[in-house]
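# Residue-level structure breakdown
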Amino acid sequence: MLARTACHARRPAAAAFDSRSAQTFKAFYATIRSLRQAPPKPEVDDVDPADNDFIMSILRANPSLRDTRSYLASFGPRPVKPVEFKPTIPVPEQNSITAESRPLHIKQPHTQTETSPVIASILNPVFRRTSLVKLQGPFTDRQLESIARGMVYLEKLGLVSVIVVENDNIPRGDDRERAAIVEETMRVVSALEKQGAKARPVLGAVVRLGPKPGDEDAAEAQSHPVPEAHTFPSDLVHIRSALRAGEIPVLPPMALDSFCRSVRINANDVIAALARGMVEAASQEPKTQRSSASSEIPAPVEDEIDLTPMRLMIINKEGGVPSYARSGMPHLLVNLASEYHYIKDTFDPEWKSTHPSALANLSLARTCLSYMPPTSSAVMVSHRSPSSLIANLITNKPAVSSSLPHALLQGNRKLEFHTPTLLRRGLDVRVIRSPADIDRPKLKSLLEQSFRRKLDEAPFWDRLDKCLDFVIVAGDYAGAAVVTTEQCPPDASPDFSPITYLDKFAVLPSHQGDGTVDFLWVALHDESYGLGLPFSANPNGGKEGKGDGRDLVWRSRANNPVNKWYFERSTGHLRMGDWILFWCDAEKRLKTEEGRRGSAGLSYLEQWEHGRLSVWSDVVFKITSSWK
């Protein structure tokens, strides 16, 4: 596709087309119309507070219904046990009225309170969660003001930050090192308070230098580096106290050494130690410490906070991790489980001057997310994009989907050098080419849970045994893409024969919305219609970018709610009754032809594409259903 992807689906039908030509043109136009969106206004550094309004930041996030439900599940009001009224003055027994003898005009007392929504929201506020924030300066006062405003907005939405301050311009070992880093910490505290937040400087060391006792024995079994510092639950008393008091704790990167001296260490080690220590401390707390079963009054708001970090935010001047696939533009979404080592291997040495801490922060995110819950995420963001933190909190998605066609990404104004990078612990992605290597019970369970239908096993497995091309599996069958090779009639053109057919694309309901669908589609692109391009050389056990891509074809029912997602990623579509035929053009072939013609460019309809829709539809719609 590349620069020609968007216009390719717009081609008028040639005379050689049959009676479907008019319908095809309308389908092409519908595809392009769905891709056209009003370009968002670029964000400007140091904008006025009035322009960066809290409500507008939420609206710009444009959350879907699933995003909203996910946010409310984490931050929504928790149910409180109804309070029963008990009479304070005992009623004399002789004046009591039984239920049988009570007159009809006397109302029976309610056993439960019926509070108004306003009172309920006051007694039962938004449930607060914590995030770890690395503030990697130096920043000007105006930049700190913008960052502090973002932190306050997050607090309003229920995410309270634990901030670790770093200033790369403060030399290590200098006589005034400690005084300078404390001064920088107080600048952050002052900036937060100017925005109306309550902040508390925690200047004493809350972490201890060196690995945690026992880590040496378990280091070999861990897939991530062990933090160079550690903390115990008792060390977090000042952080816990500040959070319960509604204050944002702000810490310098200090640690206690073996002689109990407070020394400055790398802020990444402090963040990693806090991520692990806060998770461990939260796991030791009672699950319901806020109110007991016998309590008649809801617990105070100060206890309504979860110490487990939900987000890791790295705010600096660099922004996200640059990507070789986007000419130095940042990665949008990173699957750390399968992409971490490859990103390090493909990191251009020239980027070390513009993004000197990108790889160190990438390693920090990997370490922290290994301790944090699977639903947690990390974001590397420039100080120029404070409003993107709100979008990340509400949607937990990148600014632009990484699975969109490259042509759309290149023309998207949201994609710039300061676009944030969202990082997830992710899942391993692998390619299976032999039917014998498929875990059939797990794939069957995945398909039935995803489609909510019963698989007709015998004909389905028989078909895969005969025409399987490959299966892409994410994690332990949390998602899968099943691709087959379908033979065309003997008289069909070899340019589109055989057909690479996407038979099944499924993700477990529990993994929908966590990035698995994007990880899976990117792998599908690299292994099929994107094969042969430099940015398709991902190490997922497949062809690693070697070879020539082929057109990818699939069908979907017209009432499938996923079709909107397919419209955005396909080159074109054709509506045929109750079905829609989708396809993605092989990108290498188009790019090669475009380069050969130079300024002449590509025509609306290439010679090799004549008649392919008729062949595709005849073959694809003869494939029998896999469901009972």
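Look above for the structure.
Residues numbered from 1 in each chain as written. Predicted model: local features only at pLDDT ≥ 70, side-chain atom pairs only at ≥ 80, totals over all residues. Heavy atoms only, no water.

## Observations concerning the overall build of the protein
What counts is decided by this rule: Numbering of helices and strands runs from the N terminus; a helix is a DSSP stretch of H or I covering at least four residues, while a strand is a stretch of E covering at least two. Accessible area is worked out with a 1.4 Å probe on protein chains only. A residue is then buried under 20% of its type maximum, exposed over 50%, and partly exposed in between. Only heavy atoms matter for contacts: two residues are in contact if any of them lie within 4.5 Å across the pair. All accessibility values rest on the Shrake-Rupley procedure with a 1.4 Å probe; residue burial counts only the protein chains present in the view.
From N to C terminus, the protein includes 21 helices and 19 strands. Taken across its 628 residues, the protein has 49% of its residues classed as buried. Look at the contacts in the protein between residues 6 or more apart in sequence, and 75% of them connect residues 24 or more apart. Summing over all exposed atoms, the protein offers an accessible surface of approximately 30,300 Å²; the carbon and sulfur share of this is 54%.

## A few points about the pairing of strand 1 (residues 128–137)
As a reminder, the rule being used: Strands qualify as paired when DSSP identifies two bridges or more between them. Consider the strands pointing away from the viewer: the crossover is right-handed when the path from the first strand over the helix to the second runs clockwise.
For strand 1, the buried fraction is high: 10 of the 10 residues fall into the buried class. Here strand 1 shows no split at all, with Arg128, Thr130, Leu132, Lys134 and Gln136 on one side and Arg129, Ser131, Val133, Leu135 and Gly137 on the other all buried. When strand 1 meets strand 9 (residues 305–316), the two strands line up parallel, connected through 8 bridges. Following the sheet pairing, Arg129 is matched in strand 9 by Asp306. Examined bridge by bridge, strand 1 and strand 2 (residues 159–167) share 9 bridges and lie parallel to one another. Bridge pairing links Arg129 to Leu159 in strand 2. In this region the chain leaves strand 1, passes through helix 6 (residues 141–156) and returns to the parallel neighbour strand 2; the handedness of that crossover is right-handed.

## Some points on helix 10 (residues 267–284)
The condition that has to hold: For a helix, the expected span equals 1.5 Å multiplied by the residue count minus one. Pairs of N or O atoms within 3.5 Å make up the polar contacts considered here, provided that, within protein, one atom can donate a hydrogen while the other can accept it, and that residues adjacent in sequence are counted only when both atoms are side-chain atoms.
In this model, helix 10 (18 residues) spans 26 Å end to end at C-alpha, consistent with the 26 Å of a helix rising 1.5 Å per residue. In terms of burial, helix 10 is largely enclosed, as 14 of its 18 residues are buried. Measuring from the side-chain oxygen of the N-cap residue of helix 10 to the backbone nitrogen of Asn268 gives 2.8 Å; that N-cap residue is Asn266.

## Digging into the sheet that holds strand 18 (residues 572–576)
Operational definition: Here, axes are lines fitted to C-alpha atoms. For helices the fit covers the stretch in contact, and angles between N-to-C directions go from 0 to 180 degrees.
The strand order across the open sheet formed by 7 strands is 13-14-15-16-17-19-18, and the pairing between neighbours is mixed. Edge positions in the sheet fall to strand 13 (429–432) and strand 18, since each of these pairs with one other strand and no more. For this sheet, the mean inter-axis angle between neighbouring strands, taken without regard to orientation, is 25°. Across the sheet, helix 21 (residues 612–620) lies against strand 15 (479–486), strand 16 (499–507), strand 17 (552–557), strand 18 and strand 19 (579–584), angled at about 125° from strand 19, the strand it touches most.

## As for the nonpolar core
Worth spelling out the cut-off: Residues belong to a common nonpolar core when they are buried Ala, Val, Leu, Ile, Met, Phe, Trp, Tyr or Cys residues joined through side-chain atoms within 4.5 Å. Source of the domain bounds: an automatic or database domain assignment.
One finds Ile163, Leu192, Val207, Leu274 and Leu312 to be the most contacted residues of the largest nonpolar core, which totals 71 residues. The element best represented in this core is helix 10, accounting for 10 residues. If you count residues domain by domain, this core takes at least three from each of domain 1 (130–285) and domain 2 (311–424). In this structure, Val483, Leu524, Tyr566 and Phe567 belong to the second largest nonpolar core, which totals 43 residues.

## As for unusual backbone geometry
A cis amide bond, omega 15°, links Gly137 with the succeeding residue Pro138. Tracing the backbone shows Pro138 in the loop between strand 1 and helix 6. The phi angle at Tyr477 is positive, at roughly 60°, despite the residue not being glycine. Position of Tyr477 among the secondary structure elements: in the loop between strand 14 (468–474) and strand 15. For Tyr477, a relative accessible area of 5% gives the class buried.

## Considerations on the pattern of salt bridges
Cut-off, in case you're wondering: The working definition used for a salt bridge is a side-chain nitrogen of Lys or Arg within 4 Å of a carboxyl oxygen of Asp or Glu.
Scanning the model with the defined rule gives 27 salt bridges in all. Connected via shared salt-bridge partners are Glu166, Arg172, Glu177 and Arg264.

## Quick look at the packing of aromatic side chains
The condition that has to hold: Classification of ring pairs rests on two measures: the distance between centres of Phe, Tyr or Trp rings, Trp counted by its six-membered ring, which must be within 6.5 Å, and the angle between planes, read as stacked under 30 degrees, edge-to-face over 60 and tilted in between. A ring has a charge above it when a Lys NZ or an Arg CZ is no more than 6 Å from the ring centre and no more than 35 degrees off the ring normal.
Under the criterion given, the structure shown has 16 aromatic pairs. Taking the centre distance of 6.3 Å and the plane angle of 40° together, the rings of Trp521 and Tyr566 count as tilted. Here Trp521, found in helix 18 (residues 516–527), pairs with Tyr566, found in helix 19 (residues 563–569); they are 45 residues apart in sequence, far enough to count as distant. The class of Trp521 is buried, set by a relative accessible area of 0%. Of the residues examined, Tyr566 reaches a relative accessible area of 8% and is grouped as buried. Judged by centre distance (6.2 Å) and plane angle (65°), the ring pair of Trp565 and Tyr566 falls under edge-to-face. The two residues Trp565 and Tyr566 agree in class, both being buried. It is Arg555 that lies over the ring of Trp579; its NZ or CZ is 4.7 Å from the centre.

## Topic: the environment of Thr346
Within the element layout of this structure, Thr346 appears in the loop between helix 11 (336–345) and helix 12 (351–354). A residue is classified by how much of its surface remains accessible, and Thr346, at 23% relative accessible area, is partly exposed. For the pair Thr346 and Tyr324, spaced 22 residues apart in sequence, the C-alpha separation works out to 6.8 Å. With near-sequence residues (within four places) excluded, Thr346 lies in contact with Tyr324 and Trp351.

## Quick word on the sheet that holds strand 6 (residues 248–251)
The strand order across the open sheet built from 8 strands is 3-6-2-1-9-11-12-10, with neighbouring strands paired in mixed fashion. Single-partner strands in this sheet number two, and they are strand 3 (199–201) and strand 10 (333–335). Averaged over neighbouring strand pairs, the angle between their axes works out to 25° when direction is ignored. Lying over the sheet, helix 7 (residues 177–194) contacts strand 1, strand 2, strand 3 and strand 6, oriented at roughly 145° with respect to strand 2. Docked against the sheet, helix 11 engages strand 10 and strand 12 (421–424), running at close to 100° with respect to strand 10.

## Notes on the packing of helix 6 against helix 7
Put simply, the rule is: Note that the term roughly parallel is reserved for angles under 35 degrees, roughly antiparallel for angles over 145, roughly perpendicular for angles of 65 to 115, and oblique for everything else. What makes a crossing left-handed is the near helix being turned counterclockwise from the far one by less than a right angle; a clockwise turn instead makes it right-handed. In the scheme used here, Gly and all other residues not listed as nonpolar or charged are polar, with Ala, Val, Leu, Ile, Met, Phe, Trp, Tyr, Cys and Pro taken as nonpolar and Asp, Glu, Lys and Arg as charged.
With their axes 8 Å apart at the nearest point, helix 6 and helix 7 run at an angle of 60° to one another. With respect to helix 7, the element helix 6 is oriented oblique. Read as a crossing pair, helix 6 and helix 7 show a hand that is right-handed. Where helix 6 approaches helix 7, its residues Asp141, Leu144, Ala148, Met151 and Val152 are matched on the opposing element by Arg187, Val188, Ala191 and Leu192. Split into classes, the residues belonging to the contact of helix 6 with helix 7 amount to 7 nonpolar, no polar and 2 charged.

## Regarding the side chain of Asp551
Examined against the element boundaries, Asp551 turns out to sit in the loop between helix 18 and strand 17. Within the structure, Asp551 has its side chain in polar contact with the backbone nitrogen of Ala586 (distance 2.8 Å). At a separation of 3.3 Å, a polar atom in the side chain of Asp551 contacts the side chain of Arg612. Leaving out residues up to four positions away in the same chain, Asp551 has contacts with Thr500, Cys584, Asp585, Ala586, Arg589, Arg612 and Trp616.

## Considering helix 13 (residues 358–371)
Over its 14 residues, helix 13 extends 21 Å from the first C-alpha to the last, a length consistent with the 20 Å expected when each residue adds 1.5 Å. Buried residues dominate helix 13, accounting for 10 of its 14 residues. Buried residues of helix 13: Ala358, Asn361, Leu362, Leu364, Ala365, Arg366, Thr367, Cys368, Leu369 and Tyr371, and no others. In the core, the buried residues of helix 13 are packed alongside strand 1, helix 10, strand 9, helix 11, strand 11 (377–382) and strand 12.

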